[in-house]
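Residue-level listing of the chains:
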Amino acid sequence: PADHWADSTVISIERTVCQSVVTLVRQCRVRDASVLIDIGCGLGAVAELVRDQGLTYIGFGVDTSGLADLEARGFEVEQVELLDVDEALAAIRKKSASRGLAAIVMIDVLSHISNGADLLRGLAQIASEPGGCPLILAVPNVTHLDNGASPAAGFVDACCKHLGRERSPVREFK
């Protein structure tokens, strides 16, 4: 059925994105650090893959069911409202204090928040602090044909509209 094709396409795209993020973590991470921070973690799609690399995974997000699922799988979590950038950054600093950050990842989150540029600036500041780490972002391409075929495309596009076509958070971050 058509719905099954669309669902498997979405799962396949998500798996590819997560694998790409984990590859970047493996190639770019700070070698003598052990903690990976996942901003807007949801269900922690990369958690096991990160743990398999010998890193401590910490998921930050707002969804209590996703955080509970991660915790039940043995991962550290922190409930944080990403729309409050100061609170989010303080929580990240507190959880990672005296623990070396190997990397910070944020996978497909920017399309779901209205303050992406502010959050990116704050995360870049943390990543640039002494002993800095890579900040790895995955941003949905809502103009790509695969996303157009996805049943979630309308939702993703609607989420992105509040950012404005001329106000790309990535462009503002540069």
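Refer to the structure above for everything that follows.
Reading guide: rules and limits
Residues numbered from 1 in each chain as written. Predicted model: local features only at pLDDT ≥ 70, side-chain atom pairs only at ≥ 80, totals over all residues. Heavy atoms only, no water. Core = buried A, V, L, I, M, F, W, Y, C linked by side-chain atoms within 4.5 Å. Buried < 20%, exposed > 50% of the residue type's maximum accessible area, 1.4 Å probe, protein only. Contact = heavy atoms within 4.5 Å. Helix = DSSP H or I, 4+ residues; strand = E, 2+ residues; numbered from the N terminus. Pairing = 2+ DSSP bridges. Right-handed = clockwise from strand over helix to strand, strands pointing away. Expected span 1.5 Å × (residues − 1). Arc of directions from axis to C-beta. Axes fitted to C-alpha atoms, helices over the stretch in contact; angles between N-to-C directions.

Pulling in residues and values, what's your account of the nonpolar core?
Ile37, Ile39, Tyr57 and Ile104 are the most contacted members of the largest nonpolar core, which has 47 residues in total. Apart from residues lying up to four places away in sequence, isoleucine 37 is in contact with Ile58, Phe60, Ile92, Ser96, Leu101, Ala103, Ile104 and Val105.

Break down the pairing of strand β2 (residues 56-61) for me, with residues and values.
Within β2, five of the six residues are buried, leaving the element largely enclosed by the surrounding structure. As paired elements, strand β1 (residues 35-39) and β2 share five bridges and run parallel to each other. The residue of β2 that forms the bridge with isoleucine 39 is phenylalanine 60. By the bridge criterion, four bridges tie β2 to strand β3 (residues 76-79) in an arrangement that is parallel. Looking at the pairing, phenylalanine 60 lines up with glutamate 78 of β3. Considered for its hand, the β-α-β crossover made up of β2, helix α3 (residues 64-72) and β3 is right-handed.

Which residues make up helix α4 (residues 85-96), and what values go with them?
Under the 1.5 Å per step criterion, the end-to-end length of α4 is 16 Å for 12 residues, consistent within 8% with the ideal 16 Å. For α4, every residue scored as buried is listed here: Val85, Ala88, Leu89, Ala91, Ile92 and Ser96. One face of α4 carries all of its buried residues, which in axial projection span an arc of 160°. In α4, those exposed residues whose orientation departs by more than 90 degrees from the buried face are Asp86 and Lys94.

Which residues make up the sheet that holds strand β5 (residues 135-138), and what are the values?
Pairing in this open sheet of five strands is parallel, and the strands run β3-β2-β1-β4-β5 from one edge to the other. If you trace the sheet from one side to the other, it starts and ends with β3 and β5, each paired once. Each neighbouring strand pair of the sheet contributes to a mean axis angle of 20°, computed without reference to strand direction. As judged from the four bridges shared by strand β4 (residues 101-107) and β5, these two strands associate in the parallel manner. Paired with isoleucine 107 across the two strands is alanine 138, which belongs to β5. Along the sheet, helix α5 (residues 116-128) contacts β1, β4 and β5; its crossing angle with β4, the most-contacted strand, is approximately 165°.

How would you summarise the side chain of asparagine 115 if you had to cite specific residues and measurements?
Position of asparagine 115 relative to the elements: it lies in the loop between β4 and α5. Setting aside residues up to four positions removed in sequence, asparagine 115 forms contacts with Leu82, Leu83, Asp84 and Val85.

I'd like to hear about the pairing of β4, residue by residue, with values.
Burial analysis of β4 places seven of its seven residues in the buried class, which makes it a mostly covered element. With respect to chirality, the unit in which β4 leads through α5 into the neighbouring parallel β5 is right-handed.

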